[in-house]
Amino acid sequence: MSSIRTLTRRTAFAAAGVTVALVLAACGGESGGGSGQEGPQTSPSASAEAGTDVHNGRDVAFAQGMIPHHRQALDMARMVAGRSASAEVEDLAARIEKAQDPEITTMTGWLESWGEEVPAETSGAGHTGHAGMPGMMDDREMTELEGASGADFDRMFLTMMIAHHEGAVEMAQTELAEGRHGPSRSMAEDVVSAQSAEIAEMRKLLGEG
(Lines give C-alpha, C1' and ligand atoms only; values in the text may rest on other atoms or scores of the structure.)
Protein backbone atom coordinates (compact mmCIF):
# COMPACT_ATOMS: atom_id res chain seq x y z
CA MET A 1 0.00 0.00 0.00
CA SER A 2 2.85 2.35 0.81
CA SER A 3 4.42 1.93 -2.63
CA ILE A 4 1.03 2.45 -4.32
CA ARG A 5 0.49 5.74 -2.42
CA THR A 6 3.99 6.89 -3.34
CA LEU A 7 3.37 6.15 -7.02
CA THR A 8 0.04 8.00 -6.87
CA ARG A 9 1.68 11.11 -5.37
CA ARG A 10 4.41 11.09 -8.03
CA THR A 11 1.81 10.82 -10.77
CA ALA A 12 -0.16 13.75 -9.28
CA PHE A 13 2.98 15.95 -9.06
CA ALA A 14 3.89 15.18 -12.65
CA ALA A 15 0.39 16.06 -13.85
CA ALA A 16 0.48 19.32 -11.89
CA GLY A 17 3.83 20.21 -13.45
CA VAL A 18 2.48 19.63 -16.94
CA THR A 19 -0.56 21.83 -16.14
CA VAL A 20 1.65 24.69 -14.90
CA ALA A 21 3.85 24.44 -17.98
CA LEU A 22 0.81 24.60 -20.27
CA VAL A 23 -0.58 27.65 -18.44
CA LEU A 24 2.76 29.48 -18.65
CA ALA A 25 3.05 28.70 -22.35
CA ALA A 26 -0.46 30.00 -22.96
CA CYS A 27 0.30 33.21 -21.08
CA GLY A 28 3.48 33.67 -23.05
CA GLY A 29 1.57 33.32 -26.33
CA GLU A 30 -1.02 35.89 -25.27
CA SER A 31 1.65 38.46 -24.42
CA GLY A 32 3.10 38.26 -27.92
CA GLY A 33 6.35 36.69 -26.72
CA GLY A 34 5.83 33.40 -28.59
CA SER A 35 4.08 33.81 -31.93
CA GLY A 36 5.42 36.43 -34.35
CA GLN A 37 1.90 37.15 -35.64
CA GLU A 38 0.95 39.56 -32.86
CA GLY A 39 3.70 42.18 -33.46
CA PRO A 40 2.35 43.95 -36.57
CA GLN A 41 -1.20 44.04 -35.17
CA THR A 42 -0.15 46.01 -32.10
CA SER A 43 1.02 48.99 -34.19
CA PRO A 44 -0.90 49.03 -37.50
CA SER A 45 0.16 52.60 -38.32
CA ALA A 46 3.89 52.04 -37.80
CA SER A 47 4.72 51.58 -41.48
CA ALA A 48 2.55 54.54 -42.53
CA GLU A 49 4.28 56.81 -40.03
CA ALA A 50 7.80 55.71 -40.89
CA GLY A 51 9.72 58.70 -42.19
CA THR A 52 8.41 62.18 -42.95
CA ASP A 53 8.93 61.92 -46.71
CA VAL A 54 6.06 59.52 -47.41
CA HIS A 55 3.84 61.40 -49.87
CA ASN A 56 1.26 60.94 -52.61
CA GLY A 57 0.05 62.77 -55.70
CA ARG A 58 -2.17 65.10 -53.66
CA ASP A 59 0.87 66.30 -51.68
CA VAL A 60 2.68 67.07 -54.94
CA ALA A 61 -0.36 68.92 -56.32
CA PHE A 62 -0.69 70.88 -53.06
CA ALA A 63 2.89 72.18 -53.25
CA GLN A 64 2.76 72.84 -56.99
CA GLY A 65 -0.48 74.78 -56.61
CA MET A 66 0.26 76.62 -53.39
CA ILE A 67 3.65 77.96 -54.55
CA PRO A 68 2.20 80.18 -57.34
CA HIS A 69 -0.77 80.96 -55.10
CA HIS A 70 1.57 82.25 -52.38
CA ARG A 71 3.65 84.12 -54.96
CA GLN A 72 0.61 86.09 -56.07
CA ALA A 73 -0.24 86.91 -52.46
CA LEU A 74 3.30 88.27 -52.06
CA ASP A 75 2.94 90.32 -55.26
CA MET A 76 -0.23 91.86 -53.84
CA ALA A 77 1.28 92.45 -50.42
CA ARG A 78 4.30 94.21 -51.94
CA MET A 79 2.01 96.67 -53.72
CA VAL A 80 0.79 98.05 -50.40
CA ALA A 81 3.81 100.26 -49.65
CA GLY A 82 3.24 103.70 -51.16
CA ARG A 83 -0.36 102.97 -52.17
CA SER A 84 -2.27 102.17 -48.97
CA ALA A 85 -3.87 104.80 -46.74
CA SER A 86 -4.30 102.34 -43.85
CA ALA A 87 -1.78 101.34 -41.21
CA GLU A 88 -3.86 98.20 -40.56
CA VAL A 89 -3.59 97.15 -44.21
CA GLU A 90 0.16 97.79 -44.17
CA ASP A 91 0.54 95.65 -41.05
CA LEU A 92 -1.54 92.86 -42.59
CA ALA A 93 0.55 92.90 -45.77
CA ALA A 94 3.77 92.64 -43.76
CA ARG A 95 2.42 89.62 -41.88
CA ILE A 96 1.30 87.91 -45.09
CA GLU A 97 4.77 88.34 -46.58
CA LYS A 98 6.50 87.14 -43.42
CA ALA A 99 4.38 83.98 -43.28
CA GLN A 100 4.15 82.96 -46.92
CA ASP A 101 7.65 83.68 -48.23
CA PRO A 102 9.28 80.96 -46.05
CA GLU A 103 6.49 78.53 -46.94
CA ILE A 104 7.37 78.90 -50.64
CA THR A 105 10.96 77.96 -49.83
CA THR A 106 9.81 74.95 -47.82
CA MET A 107 7.46 73.65 -50.52
CA THR A 108 10.12 74.18 -53.18
CA GLY A 109 12.44 71.98 -51.12
CA TRP A 110 9.81 69.24 -50.91
CA LEU A 111 9.28 69.17 -54.67
CA GLU A 112 13.01 69.12 -55.37
CA SER A 113 13.55 66.24 -52.93
CA TRP A 114 10.70 64.28 -54.60
CA GLY A 115 12.08 64.90 -58.09
CA GLU A 116 8.96 66.86 -59.04
CA GLU A 117 8.69 70.04 -61.11
CA VAL A 118 8.83 73.35 -59.26
CA PRO A 119 6.46 75.97 -60.76
CA ALA A 120 8.41 78.57 -62.72
CA GLU A 121 8.63 82.15 -61.52
CA THR A 122 6.37 84.62 -63.35
CA SER A 123 7.39 88.10 -64.40
CA GLY A 124 5.19 91.18 -64.19
CA ALA A 125 1.52 90.31 -63.82
CA GLY A 126 1.95 86.88 -65.42
CA HIS A 127 -0.77 85.04 -63.51
CA THR A 128 -3.08 84.18 -66.43
CA GLY A 129 -1.93 80.56 -66.48
CA HIS A 130 -3.16 80.08 -62.91
CA ALA A 131 -6.48 81.92 -63.27
CA GLY A 132 -8.47 78.71 -62.77
CA MET A 133 -6.93 78.09 -59.36
CA PRO A 134 -9.19 78.90 -56.37
CA GLY A 135 -8.86 82.55 -55.36
CA MET A 136 -6.28 83.54 -57.99
CA MET A 137 -6.56 86.96 -59.63
CA ASP A 138 -6.13 87.34 -63.38
CA ASP A 139 -3.74 89.82 -65.00
CA ARG A 140 -6.43 92.45 -65.45
CA GLU A 141 -7.30 92.44 -61.75
CA MET A 142 -3.65 92.62 -60.74
CA THR A 143 -3.11 95.56 -63.10
CA GLU A 144 -6.14 97.38 -61.65
CA LEU A 145 -4.83 96.87 -58.13
CA GLU A 146 -1.41 98.15 -59.10
CA GLY A 147 -2.97 101.30 -60.54
CA ALA A 148 -5.11 102.12 -57.49
CA SER A 149 -4.15 104.21 -54.46
CA GLY A 150 -5.46 105.43 -51.12
CA ALA A 151 -8.83 104.22 -49.87
CA ASP A 152 -9.67 102.73 -53.28
CA PHE A 153 -6.53 100.61 -53.15
CA ASP A 154 -7.28 99.44 -49.62
CA ARG A 155 -10.83 98.42 -50.49
CA MET A 156 -9.68 96.61 -53.63
CA PHE A 157 -6.76 94.96 -51.85
CA LEU A 158 -8.89 93.66 -48.98
CA THR A 159 -11.65 92.40 -51.28
CA MET A 160 -9.18 90.59 -53.51
CA MET A 161 -7.13 89.19 -50.64
CA ILE A 162 -10.24 87.78 -48.95
CA ALA A 163 -11.04 85.86 -52.14
CA HIS A 164 -7.39 84.83 -52.42
CA HIS A 165 -7.29 83.55 -48.84
CA GLU A 166 -10.57 81.67 -49.30
CA GLY A 167 -9.01 79.89 -52.26
CA ALA A 168 -5.94 78.97 -50.21
CA VAL A 169 -8.13 77.59 -47.42
CA GLU A 170 -10.02 75.48 -49.96
CA MET A 171 -6.75 74.08 -51.33
CA ALA A 172 -5.47 73.37 -47.82
CA GLN A 173 -8.66 71.55 -46.86
CA THR A 174 -8.28 69.31 -49.91
CA GLU A 175 -4.74 68.49 -48.81
CA LEU A 176 -5.97 67.62 -45.33
CA ALA A 177 -8.64 65.35 -46.78
CA GLU A 178 -6.44 63.54 -49.31
CA GLY A 179 -2.74 64.20 -48.58
CA ARG A 180 -0.38 61.79 -46.84
CA HIS A 181 2.82 63.80 -46.26
CA GLY A 182 2.97 64.83 -42.60
CA PRO A 183 4.75 68.19 -43.06
CA SER A 184 2.44 69.13 -45.95
CA ARG A 185 -0.62 68.36 -43.85
CA SER A 186 0.85 70.40 -40.99
CA MET A 187 1.35 73.37 -43.32
CA ALA A 188 -2.20 72.95 -44.60
CA GLU A 189 -3.49 73.13 -41.04
CA ASP A 190 -1.51 76.36 -40.52
CA VAL A 191 -2.95 77.83 -43.72
CA VAL A 192 -6.52 77.06 -42.67
CA SER A 193 -6.00 78.51 -39.19
CA ALA A 194 -4.00 81.64 -40.06
CA GLN A 195 -5.78 82.63 -43.24
CA SER A 196 -9.26 82.05 -41.80
CA ALA A 197 -8.34 84.46 -39.00
CA GLU A 198 -7.03 86.99 -41.52
CA ILE A 199 -10.23 86.71 -43.56
CA ALA A 200 -12.21 87.67 -40.45
CA GLU A 201 -9.80 90.55 -39.81
CA MET A 202 -10.12 91.86 -43.38
CA ARG A 203 -13.91 91.68 -43.28
CA LYS A 204 -13.84 93.88 -40.19
CA LEU A 205 -11.57 96.37 -41.96
CA LEU A 206 -14.12 96.50 -44.78
CA GLY A 207 -16.89 97.06 -42.26
CA GLU A 208 -18.40 93.64 -42.92
CA GLY A 209 -17.51 92.03 -39.60
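All values derive from a computational prediction rather than experimental measurement. (Residues numbered from 1 in each chain as written. Predicted model: local features only at pLDDT ≥ 70, side-chain atom pairs only at ≥ 80, totals over all residues. Heavy atoms only, no water.)

Here Ser 86 lies in the loop between α4 (57-77) and α5 (87-114). There is a polar contact of 3.1 Å between the side chain of Ser 86 and the backbone nitrogen of Val 89. (Helix = DSSP H or I, 4+ residues; strand = E, 2+ residues; numbered from the N terminus. Polar contact = N/O pair within 3.5 Å; in protein donor to acceptor, adjacent residues only side chain to side chain.)

So, about the nonpolar core. Generally speaking, a soluble globular protein has its nonpolar side chains buried in company with each other. In this structure, Met 76, Leu 145, Phe 153, Phe 157, Met 160 and Met 161 are the most contacted members of the largest nonpolar core, which totals 23 residues. At the level of elements, α4, α5, α6 (139-147), α7 (150-178) and α8 (182-205) are the ones that each hand at least two residues to this core. With 8 residues, the top contributor of residues to this core is α7. Leave out the neighbours within four places in its chain, and Met 161 touches Ala 73, Met 76, Ile 96 and Met 202. Counting residues in hydrophobic clusters, the runner-up holds 19 residues, among them Met 66, Trp 114, Met 187 and Val 191. (Core = buried A, V, L, I, M, F, W, Y, C linked by side-chain atoms within 4.5 Å. Buried < 20%, exposed > 50% of the residue type's maximum accessible area, 1.4 Å probe, protein only. Contact = heavy atoms within 4.5 Å.)

Here we take up the side chain of Glu 198. Looking at the element boundaries, Glu 198 is found in helix α8. Buried charge Glu 198 goes without a salt bridge, the closest partner of opposite sign being Arg 95 at 4.3 Å. Here the side chain of Glu 198 touches His 165 through a polar contact of 2.6 Å, side chain to side chain. (Lys, Arg positive; Asp, Glu negative; His and termini not counted. Salt bridge = Lys/Arg side-chain N within 4 Å of Asp/Glu carboxyl O.)

Another point: the pattern of salt bridges. According to the stated counting rule, one finds 9 salt bridges in the structure shown. With a closest N to O distance of 2.9 Å, Arg 140 and Glu 144 form a salt bridge. Taken together, the residues Arg 140 and Glu 144, both in helix α6 and 4 residues apart, mark about one turn of the helix. In this structure Arg 140 comes out as partly exposed when scored by relative accessible area, which is 48%. Of the charged contacts in the structure, one is a salt bridge between Glu 208 and Arg 203, with a shortest N-O distance of 3.1 Å. Classification of Arg 203 as partly exposed rests on a relative accessible area of 29%. The structure contains a network of salt bridges with shared partners spanning Arg 78, Glu 97 and Asp 101.

Moving on: the packing of α4 against α7. Put simply, α4 and α7 touch, their axes get as near as 10 Å, and they point 165° apart. When the interaxial angle is binned, α4 and α7 end up roughly antiparallel. Seen along the crossing, α4 lies across α7 with a hand that is left-handed. Touching Arg 58, Asp 59, Phe 62, Gly 65, Met 66, His 69, Gln 72, Ala 73, Met 76 and Ala 77 of α4 are Phe 157, Met 160, Met 161, His 164, Gly 167, Ala 168, Met 171, Ala 172, Thr 174, Glu 175 and Glu 178, all from α7. For the contact of α4 with α7, a count of residues per class yields 11 nonpolar, 6 polar and 4 charged. (Axes fitted to C-alpha atoms, helices over the stretch in contact; angles between N-to-C directions. Parallel < 35°, antiparallel > 145°, perpendicular 65-115°, else oblique. Left-handed = near helix turned anticlockwise from the far one by under 90°. Nonpolar A, V, L, I, M, F, W, Y, C, P; charged D, E, K, R; others polar.)

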